[in-house]
Amino acid sequence: MMGLPDAIKALLFDLDGVLTGTAELHKRAWKRTFDEFLAHHDGPDFRPFTEQDYLDHVDGRPRADGVRQFLASRGIQLPEGKPDDPPGEATVNGVGNKKNVLLLKVIEEEGVRPYPGSRRYVEAARAAGLKVGVVTSSANGAAVLDAADLTQFVQARVDGLTIAQQGLRGKPAPDSFLAGAKALGVDPAEAAVFEDALSGVAAGRAGNFGYVVGVDRAHQAEALREHGADVVVEDLADLLESA
């Protein structure tokens, strides 16, 4: 029914870009944050943050990791600072906190919508008796699930807050997905990972999960396969139709 191997008992979904369209909101918040930082750091002739920068350095990673990775790509290193640094302070945490303030403002103004095909797939999974977990690097996982009316389907959530509390390595390390499988009481070989980010697909493969589904929202199907996806779809409903 679900387009998955018979051995799969649990499904671990990334959130932004897989279940909801919030990846676009994250991208916009990151662009404004980094462009304003770079304009101040490099002056008016700064090189703007691009779509490729987002995919290469930020997508799927915990917030602070994304700040470090992108700025390193531009030869910039900032002090870590503290988690409660004021938004916009010239620290890793300050830059990340500014991005989060911008993101929450956009979510409040525009709301959160799940992809219709993703909602259908999650509903079908629960009806089939499969366990469902969400594994996201975002610290706003609970709020986004609530706003998208998806919380009712989710039995375990590992998000940015969990990653910080448990000292987990961020994607592309498999730690967060392994924590999700543990929370659902299944072995990794019994779980499928659903990811749109290259770092997330790599995390699923590194964790030796039973099946890794790449969700191609950014026209990077071949790259998703190269990073370890067993199958690539444009929408989760495609799996139902191929089952």
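Report on the accompanying structure.

Reading the values: the criteria
- Residues numbered from 1 in each chain as written.
- Predicted model: local features only at pLDDT ≥ 70, side-chain atom pairs only at ≥ 80, totals over all residues.
- Heavy atoms only, no water.
- 1 Å grid on protein atoms, 1.4 Å probe; cavity = no way out; pocket = protein on both sides within 12 Å on 5 of 7 lines; lining within 4 Å.
- Points joined across faces, edges and corners; volume = space filled by probe spheres on them.
- Helix = DSSP H or I, 4+ residues; strand = E, 2+ residues; numbered from the N terminus.
- Nonpolar A, V, L, I, M, F, W, Y, C, P; charged D, E, K, R; others polar.
- Buried < 20%, exposed > 50% of the residue type's maximum accessible area, 1.4 Å probe, protein only.
- Contact = heavy atoms within 4.5 Å.
- Pairing = 2+ DSSP bridges.
- Right-handed = clockwise from strand over helix to strand, strands pointing away.
- Axes fitted to C-alpha atoms, helices over the stretch in contact; angles between N-to-C directions.
- Parallel < 35°, antiparallel > 145°, perpendicular 65-115°, else oblique.
- Left-handed = near helix turned anticlockwise from the far one by under 90°.

1. With respect to the layout of surface pockets
No. 1: Taken as a whole, the largest pocket encloses approximately 710 Å³ of empty space.
No. 2: Pro 62, Arg 63, Ala 64, Ser 137 and Gly 160 are the residues nearest the centre of the largest pocket, which is lined by 37 residues in total.
No. 3: Contributing elements (two or more residues each) for the lining of the largest pocket: helix H1 (22-42), helix H2 (51-58), helix H3 (63-73), helix H4 (92-110) and helix H7 (160-166).
No. 4: Sort the elements by how many residues they give to the lining of the largest pocket and H4 lands first, with seven residues.
No. 5: Taken together, the residues of the lining of the largest pocket break down into 14 nonpolar, 13 polar and ten charged.

2. Quick word on the environment of Gly 170
No. 1: When you line up the elements, Gly 170 lands in the loop between H7 and helix H8 (175-184).
No. 2: Look at Gly 170 and you get buried, because its relative accessible area is 12%.
No. 3: Sequence separation of Gly 170 and Arg 32 is 138 residues, and the distance between their C-alpha atoms is 23 Å.
No. 4: Those residues within four positions of Gly 170 in sequence are excluded, and the remaining contacts are Pro 62 and Asp 65.

3. Some points on the pairing of strand S2 (residues 131-135)
No. 1: Counting buried positions along S2 gives four out of five residues, so the element sits mostly inside the fold.
No. 2: Looking at chain direction, strand S1 (residues 10-13) and S2 are connected through four bridges and run parallel. By the bridge assignment, Leu 12 is partnered in S2 with Gly 133.
No. 3: Alignment of S2 against strand S3 (residues 156-158), held across three bridges, turns out to be parallel. Its bridge partner lying in S3, Val 135 is registered against Val 158.
No. 4: At this point the chain moves from S2, through helix H6 (residues 141-147), to the parallel S3, and the crossover so formed is right-handed.

4. Here we look at the packing of H1 against H3
No. 1: Where H1 meets H3, the closest approach of the two axes is 12 Å, and the angle between their N-to-C directions is 45°. By the criterion of interaxial angle, the relationship of H1 to H3 is oblique. Regarding H1 and H3, the two cross each other, and that crossing is right-handed. Counting all contacts with H1, which are made through Trp 30, Phe 34, Phe 37 and Leu 38, the residues of H3 involved are Arg 63, Gly 66, Val 67, Phe 70 and Leu 71.
No. 2: For the contact of H1 with H3, the class distribution of residues is seven nonpolar, one polar and one charged.

5. Notes on the packing of H1 against H4
No. 1: At a minimum axis distance of 9 Å, the contact between H1 and H4 shows a crossing angle of 140°. When the axes of H1 and H4 are compared, the pair comes out oblique. In terms of crossing hand, the pair formed by H1 and H4 is right-handed. Across from Leu 25, His 26, Arg 28, Ala 29, Trp 30, Arg 32, Thr 33, Phe 34, Glu 36 and Phe 37 in H1, the residues of H4 making contact are Val 95, Lys 98, Lys 99, Leu 102, Leu 103, Val 106, Ile 107 and Glu 110.
No. 2: Residues belonging to the contact of H1 with H4 are distributed by class as follows: ten nonpolar, two polar and six charged.

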